[in-house]
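Fold and geometry: a report
Residues per chain are reported as follows:
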Amino acid sequence: MTTQSTLPPIATRRPNYSTHHGVTLEDPYAWLRDENWREAMQDSRRLHPQIREYLEAENAYTEAHEASLKPLTEKLVREMRGRIPERESSVPVPDGPWIYTTRFREGGQHPIFCRAPRADDGHETSTREQVLLDGDAEAEGLAYFSLGGVSHSPDHTLLAYAIDTRGAEAFDIHVRRIETGDDLEPAIPNTTGSIEWSAASDVLFYVTLDADHRPNRVWRQAVGAGPETAVCVFEETDPGFFVGLETTQSGAFILINAHDHETSEVWVIPADAPKTAPRVIAPRQTGREYDVEHAGDTFTIITNADGAADYKLVQAPTATPGAEHWQPLVEHEPGRLLLDLVEFADYRVRLERVDALPRIVYTDKRTDAEHTIDFEAAAFSLGIQPGLEFKTTNLRFVYSAPDTPDETYDFDLTTGRRTLRKQRDIPSGYDPDKVRVWRIEATAADGARIPITISAHVDTPLDASAACVLQGYGAYGISEPAAFSSHRLSLIERGVVVATAHVRGGRERGQAWYDAGKLANKTNTFDDFITVAEHLADSGFTRRGRIAALGGSAGGMLVGAVVNKRPDLFGAAVADVPFVDVLNTMLDESLPLTPPEWPEWGNPRDDAEAFETIRGYCPYQNVCAQAYPPILAIAGVSDPRVTYWEPAKWVAKLRAFKTDSNRLLLKTHMGAGHAGLPGRFAALDEVALIYGFILTELGVTVIDEATA
């Protein structure tokens, strides 16, 4: 293996063959998968020396190329940091006698959690702030630091918080006595970071990970007692199901959710009787999904039962919550996708999506009167922040659009009055009139209408001369929000068109849009992205060969697939923690996500058709001798979602096959995982690398006096 940083590392090819369904696969870079990967995920120093040597050689090669980008990336970091307030606070969140806030100090990387006594008007904070948890102080001296759940007890005397110090998404839970600031010992290790309290504040519930890094057990532990005293109250034995925890808005029930990508099952424990055995709402039924909320003597349930593909609302008595007792509340309406539900004492609020745009609908339960909170932008995003109280008439939500920084509103559900509580500040300045936004559609070969969200500077010519960054995801039913990004201004202000392809595999157009981009239909996701790229070129927003494909995780798979199919369309490609070795991963049931992912991609181990489908599009399997655009791939050794060897193997194979001389770079974080570097400023270095790479490869590199 060549290790000089000025020459691309060439990974050794080692014979490796496996046969499935009569087909023999060759995988000469399989040796990059460390058999000790579980331990290496916790500490990269435990990687096999030859694997570490290769990854470090790739990093050195990337760093050598980064040096040529340094003037641009340093400027990008300054720009992006200039758009982030040094000091920033969240809108206060009331809970009983206290109001809770999160803020950042000047130069601070991590949040500080605070509270103050609630003022007489019930809304504004007093000046007597009390710091509950200082993220910067907790992170001091640690190479990696990420906060998971942070939750105060119902009686406001204790604070539980979860910390990941390795980047592997395995959190240690600590409990702090607020009055003294002292932590109760010992910490609870190897959890998901989710924390729920009993009503009396004397019991914690949490979820631990198994040996394969899957969340599978729920524990009950008395506050202050050691983990050895904890009682397992729920264990998931199916490796295809993950387990999660939450509490109803009413605070009355702890919810245990066991699920894969098409089936769910919810168990409940009364928060005021935490030693009660969990009770199932409705036993799992393949293909049936449901989520539970609570108010009074009923459970309210979002479900796709009985063919409600885009979900409906039903309700059932808390005493008899089984599916046979579900009564319709909001009927299923094809094309109206129900996304979220919050039950307050007198109001029910739901978030839904129609024609690729979200909206909020609320109902006065005393009168059954229903109202919609409307917005007029061409494309926008909405998020509900339900707060910490049940008996309230206040709904908080966050609105943003590609040209509108986040706006946090309090909405009075009784009067319909909307109050702006906070607008995201851009300290270096921002003029929304300088940004134009479009929502257009491209038509796929089969007639599907693919939404596209586009942003560009008002002075950017639409004559096919502009460079374009096109991003996409298209998996798990996750929809790409049409939200504001201050970072993207560094592209837009340089005349780059920024576009999002809302491809099939997400739920922008409901469940059918998701179903049309998964399993046997997965290639629609990639074909949609290519269709959008061509449509943008044909419409004058850009031209072929001057488009950068950008995606992360499953979106990185999308990038890998489209550069195999149509490399001529793209002038650059960035694949962040890309899921590019789909076939080998889905054949390996020992990996954390494999069994839970079979409903999404198919089970190629047992299903010959699924094997052929995945083999047909898997980026790693389909690398071939052709010219590829410049490519930047990013990985993390601690990543439990997309293991580091997927991008490493992909890059190694690309080096062996590609016929061009374009840059091919791999950057592997040796001490971070799927989310990359933690901290609000540290992460800017990686964004700057991505943008610097794209701008350089697309020829948008001028640093003049106007932008210096």
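Everything numeric in this text was worked out from a predicted model, so none of it was measured. (Residues numbered from 1 in each chain as written. Predicted model: local features only at pLDDT ≥ 70, side-chain atom pairs only at ≥ 80, totals over all residues. Heavy atoms only, no water.)

Another aspect to go through is the overall build of the chain. On a plain count of helices and strands, the chain comes out with twelve helices and 38 strands. Since a compact globule built from 708 residues should have a radius of gyration of about 27 Å, the 25 Å found for the chain is in line with a globular shape. Taking all 708 residues of the chain together, the buried fraction comes to 57%. In the form shown here, the chain has an accessible surface area of approximately 27600 Å², with 48% of it arising from carbon and sulfur atoms. Across the chain, the centroid of the 69 positively charged side chains sits 2 Å from that of the 105 negatively charged ones. (Helix = DSSP H or I, 4+ residues; strand = E, 2+ residues; numbered from the N terminus. Rg over C-alpha atoms; globule rule 2.2 N^0.38 Å. Buried < 20%, exposed > 50% of the residue type's maximum accessible area, 1.4 Å probe, protein only. Areas by Shrake-Rupley, 256 points an atom, 1.4 Å probe, with all protein chains shown as cover. Lys, Arg positive; Asp, Glu negative; His and termini not counted. Charge placed at Lys NZ, Arg CZ, Asp CG, Glu CD.)

Glancing now at the nonpolar core. Judged by nonpolar contacts, the single largest core of 85 residues is most densely connected at Leu470, Trp601 and Trp650. A per-element tally of this core places helix H7 (residues 554-565) first, with seven residues. Judged by nonpolar contacts, the second largest core, of 36 residues, contains Leu76, Met80, Tyr691 and Leu698. (Core = buried A, V, L, I, M, F, W, Y, C linked by side-chain atoms within 4.5 Å.)

Let us now look at the packing of aromatic side chains. Per the stated rule, a full pass over the model turns up 19 aromatic pairs. Both rings, one in Phe375 and one in Tyr399, keep their centres 4.7 Å apart while their planes meet at 10°; by these two values the pair is stacked. Of this pair, Phe375 sits in the loop between strand S26 (369-373) and strand S27 (381-385) while Tyr399 is found in strand S28 (residues 394-401), placing the two residues 24 residues apart along the sequence. The same class applies to Phe375 as to Tyr399, namely buried. Joined through ring pairs, the aromatic side chains of Phe375, Phe380, Phe397, Tyr399 and Tyr409 make up one cluster. Its end group placed over the ring of Trp513, Arg504 keeps NZ or CZ at 5.7 Å from the ring centre. (Phe/Tyr/Trp six-rings, centres within 6.5 Å; stacked < 30°, edge-to-face > 60°. Lys NZ or Arg CZ within 6 Å of the ring centre and 35° of its normal.)

Orientation of helix H2 (residues 49-82) relative to helix H11 (residues 645-657), taken along the N-to-C sense of each, is 65°, at an axis distance of 12 Å. Taken together, the axes of H2 and H11 are roughly perpendicular relative to one another. You can see that H2 and H11 cross each other, and the crossing is left-handed. Residues Tyr54, Leu55, Glu58 and Tyr61 of H2 lie in contact with H11, whose contacting residues are Ala648, Val651, Ala652 and Arg655. Here the contact of H2 with H11 is built from residues that sort into six nonpolar, no polar and two charged. (Axes fitted to C-alpha atoms, helices over the stretch in contact; angles between N-to-C directions. Parallel < 35°, antiparallel > 145°, perpendicular 65-115°, else oblique. Left-handed = near helix turned anticlockwise from the far one by under 90°. Contact = heavy atoms within 4.5 Å. Nonpolar A, V, L, I, M, F, W, Y, C, P; charged D, E, K, R; others polar.)

The next subject is the pairing of strand S23 (residues 336-343). Counting buried positions along S23 gives six out of eight residues, so the element sits mostly inside the fold. The sheet contact formed by S23 and strand S24 (residues 347-354) spans seven bridges and is antiparallel. Looking at the pairing, Leu337 lines up with Arg353 of S24. Hairpin connection between S23 and S24: a loop of three residues separates the two successive antiparallel strands. (Pairing = 2+ DSSP bridges.)

Glancing now at the sheet that holds strand S34 (residues 497-501). Across the sheet, eight strands lie side by side as S31-S32-S34-S33-S35-S36-S37-S38; this open sheet has mixed pairing. Across the chains shown, the open sheet's two edge strands, defined by having one partner strand only, are strand S31 (435-443) and strand S38 (664-669). Across the sheet, the mean angle separating the axes of adjacent strands is 15° when strand polarity is ignored. Examined bridge by bridge, S31 and strand S32 (residues 449-457) share nine bridges and lie antiparallel to one another. Bridging across to S32, Trp438 finds its partner in Ile454. Relative to strand S36 (residues 570-576), helix H12 (residues 684-697) is tilted by about 165°, and along the sheet it contacts strand S33 (468-471), strand S35 (547-552), S36, strand S37 (631-636) and S38.

Let's shift gears to the pattern of salt bridges. Within the structure shown, the criterion is met by 54 salt bridges. Taking the shortest distance from any N to any O, the salt bridge between Glu74 and Lys70 comes out at 3.9 Å. Of the two residues, Glu74 and Lys70 both sit in helix H2, four residues apart, roughly one turn of that helix. Take Glu74: its relative accessible area is 38%, and that puts it in the partly exposed class. When its relative accessible area of 47% is taken as the criterion, Lys70 is described as partly exposed. Salt-bridge contacts for Arg509 lead to Asp355; the nearest nitrogen and oxygen are separated by 2.5 Å. (Salt bridge = Lys/Arg side-chain N within 4 Å of Asp/Glu carboxyl O.)

Turning our eyes to something else, we now look at helix H9 (residues 594-601). Judged by how many residues are buried, H9 sits mostly within the fold: eight of eight residues are covered. All of the buried residues along H9 are Thr594, Pro595, Pro596, Glu597, Trp598, Pro599, Glu600 and Trp601. Taken together, the buried residues of H9 touch strand S15 (242-247), helix H5 (511-515), H7, helix H8 (582-587) and helix H10 (608-617). Just beyond H9, the residue with positive phi is Gly602, at close to 110°.

What follows deals with the confidence of the model for the chain. Looking at the chain, the pLDDT average stands at 94 and 97% of residues meet or exceed 70. Contacts from residues 703-708, a stretch scored under 50 in pLDDT, to residues over four places away or in other chains number eight contacts. (pLDDT = per-residue confidence, 0-100.)

Our focus in this paragraph is the sheet that holds strand S22 (residues 327-330). Two pairing modes exist for strands in a sheet, parallel and antiparallel, and in both the strands are linked by backbone hydrogen bonds. One open sheet accounts for four strands, arranged S19-S20-S21-S22; its pairing is antiparallel. Since the sheet does not close on itself, it has two edges, and those belong to strand S19 (290-295) and S22, each with one partner. When strand polarity is set aside, the average angle formed by the axes of neighbouring strands in this sheet is 35°. The sheet contact formed by strand S20 (residues 298-303) and strand S21 (residues 312-317) spans six bridges and is antiparallel. Paired with Phe299 across the bridge in S21 is Ala316.

Inspection of the secondary structure assignment puts Gln249 in the loop between S15 and strand S16 (253-259). With residues near it in sequence (within four places) discarded, Gln249 still touches Glu293, Val342, Glu343, Phe344, Pro386, Gly387, Leu388, Glu389 and Phe390.

A word on the environment of Glu534. Inspection of the secondary structure puts Glu534 in helix H6 (residues 523-538). Spatially, the C-alpha atoms of Glu534 and Ile195 are 47 Å apart, while their sequence positions differ by 339 residues.

A few words on the side chain of Arg214. Here Arg214 is to be found in the loop between strand S12 (203-209) and strand S13 (215-222). Looking at Arg214, the relative accessible area reads 5%, which means it is buried. Excluding residues within four positions of it along the chain, Arg214 makes contact with Thr208, Leu209, Pro239, Phe242, Glu589, Ser590, Leu591, Pro592 and Pro595.

Each α-helix turn comprises 3.6 residues. Residues three or four places apart therefore point the same way. The complete set of buried residues in H10 reads Ala610, Phe611, Ile614 and Tyr617. Each buried residue of H10 sits inside an arc of 150° when the element is viewed along its axis, so together they form one side. Away from its buried face by more than 90 degrees, H10 exposes Glu609 and Gly616. Lining the buried residues of H10 we find strand S1 (17-20), strand S2 (23-26), H6, H7, H8 and H9. Among the residues of H10, the N-terminal cap falls to Asp607, whose side-chain oxygen and the backbone nitrogen of Glu609 are separated by 2.9 Å. (Arc of directions from axis to C-beta. Polar contact = N/O pair within 3.5 Å; in protein donor to acceptor, adjacent residues only side chain to side chain.)

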